[in-house]
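Geometric and topological summary
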Amino acid sequence: MAMFPHERSLVKRMEGKPFALIGINSDREKEFLKTQNEKQQITWRSFWCGEKGTSGPIPTKWNVMGWPTLYFIDHKGVIRQKNLRDEKKMDEFLDKLVEEAEKDAKGGGS
Amino acid sequence: MDRIWRGTALGLFFASTGVILADDPPKKDDPPAKQDEKAKTPAENFAAAKKANDEASAAMNKVVAELQKKKEQLSLENKELNEAFQARNKATQAFLKAAEELAKSEPSTPLGFEAINAVINFGSPTPAIIKVLAEHHAMNPKIGAVVSRLGRGALTKDMEAFLTTVMEKNPNRDAQGNAAFTLASLMIRSRQADAEKLFEKIMSDYKDVKSFNGTLADRAEANLFELRNLQIGKVVPEIEGEDTDGKKFKLSDYRGKVVMLDFWGHW
């Protein structure tokens, strides 16, 4: 998939920061999924949607009609952006959110 | 001159004749190669480096020429591809126009119906086609599949009037339900409150109408969930499930961290 290289470097760049890339994977066959993950060095965690794949419970509930679909969620759990595709804009936006998270963590419980 | 250093006997011979380097006679144990290096004069180094540079330059030029040739080939192929695309697009436009004309001239025959389908499937629902549908097919019990594919159109007054008529007056439940669903989908962007109301109605009224991946009621429910809970500014709904190793986890386990949530697959 076209996004893997950017995602790999994103995960590496964000190491040690308050950031997580969480997937919602819709591959129907788990064995295929696992070998591919190894091959493509997919190290981040994913929910698995089960054998129904794209028609599995999570994408169905979330009304996902196209893949990839992206949500950008801040450290408080608020949806801040959806479907940002441009890598540079994605990086800038995530940096901003991470900065907010770090600031709040330092501020301590206010 | 190399030769001089190859053997002590020979070296001594030359040294004794006073030829060269008499003050630095070769030692027996020096490796010959090292002696060779030492032997190179700046002029020799220059010649060798020049030769190597000439050879590398020639090799590079060869690669550049080959790449250039490949590039030209590729641009030629791109040109062909572009031309094929353009020709296809032109043919599709002509086909859509012919289909629209046919639909207008015989709106109720099987062939005319095929033409209506062609316009919607290969192009997008044009105002002319919506007019034909409104005038001739609002009561057609088999119009469900057609109205289900009008979501790519614009929410014009004519579109809304046609879909409302099908929804309220068509005798077929499949047609009614799909008209309602398409109308609600078209309203999402500009009239969210109306869209929500209509999705609610579909959720309660069309549990029996099958649609891809469930019923129309299921799809309406998913749309309502997205409209109400998945908008920017909303707290993200919980997700509970298993990871790819079968280990249970929750999205809220990551609260405190920025999360990029990616619906994806290896395809």
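Predicted, not measured: the structure shown is a model, and the values here were computed from it. (Residues numbered from 1 in each chain as written. Chains lettered and ligands numbered in written order. Predicted model: local features only at pLDDT ≥ 70, side-chain atom pairs only at ≥ 80, totals over all residues.)

Re the sheet that holds strand S4 (residues 79-82) of chain A
An order of S2(A)-S1(A)-S5(B)-S3(A)-S4(A) is seen for the five strands of this open sheet, with the pairing classed as mixed. With one partner strand each, in any of the chains shown, strand S2 (46-48) and S4 of chain A form the two edges of the open sheet. Going from strand to strand, the sheet's axes swing by 20 degrees on average, the running direction of each strand aside. (Pairing = 2+ DSSP bridges. Helix = DSSP H or I, 4+ residues; strand = E, 2+ residues; numbered from the N terminus. Axes fitted to C-alpha atoms, helices over the stretch in contact; angles between N-to-C directions.)

Section: the interface of chain B and chain A
Note on interface size: it is often stated as the accessible area lost on association of the parts. On the side of chain A, 47 residues touch chain B, which itself brings 32 residues to the contact. Secondary-structure elements contributing two or more residues to the side of chain B that touches chain A are helix H10 (216-229), strand S3 (240-242) and strand S5 (258-264) of chain B. It is S5 of chain B that provides the largest number of residues to the side of chain B that touches chain A, a total of seven residues. Considered class by class, the residues forming the side of chain B that touches chain A number 15 nonpolar, ten polar and seven charged. (Contact = placed C-beta atoms within 7 Å. Nonpolar A, V, L, I, M, F, W, Y, C, P; charged D, E, K, R; others polar.)

Observations regarding the environment of Met65 of chain A
Residues and elements named next belong to chain A. Mapped onto the elements, Met65 comes out in the loop between helix H3 (57-61) and strand S3 (69-73). Given 12 C-beta atoms within 10 Å, Met65 falls into the exposed group. For the pair Met65 and Thr54, spaced eleven residues apart in the sequence, the C-alpha separation amounts to 8.8 Å. (Buried ≥ 20, exposed ≤ 12 C-beta atoms within 10 Å, placed from the backbone.)

As for helix H3 (residues 42-105) of chain B
The first and last C-alpha atoms of H3 of chain B sit 92 Å apart over 64 residues, in line with the 94 Å expected at 1.5 Å per residue. Counting buried residues in H3 of chain B gives two out of 64 residues, a small share hidden from the surface. (Expected span 1.5 Å × (residues − 1).)

Description of the nonpolar core
Ile116, Val166 and Ile202 of chain B are the most contacted members of the largest nonpolar core, which has 37 residues in total. Among the secondary structure elements, those contributing two or more residues to this core are H3, helix H4 (110-122), helix H5 (127-136), helix H6 (144-148), helix H7 (157-169), helix H8 (173-187), helix H9 (192-205) and H10 of chain B. Tallying contributions element by element places H8 of chain B first for this core, with seven residues. Core analysis: the next-biggest nonpolar cluster, separate from the first, contains 23 residues, Ile24 and Phe47 of chain A together with Leu251 and Met260 of chain B among them. (Core = buried A, V, L, I, M, F, W, Y, C linked by C-beta atoms within 7 Å.)

As for H10 of chain B
The end-to-end C-alpha distance of H10 of chain B, which contains 14 residues, comes to 20 Å, matching closely the 20 Å that a straight helix rising 1.5 Å per residue would cover. Among the residues of H10 of chain B, those classed as buried are Leu216, Ala217, Arg219, Ala220, Ala222 and Asn223 of chain B. Contacts from the buried residues of H10 of chain B go to H3 of chain A together with H8, H9, strand S1 (210-211) and strand S2 (214-215) of chain B.

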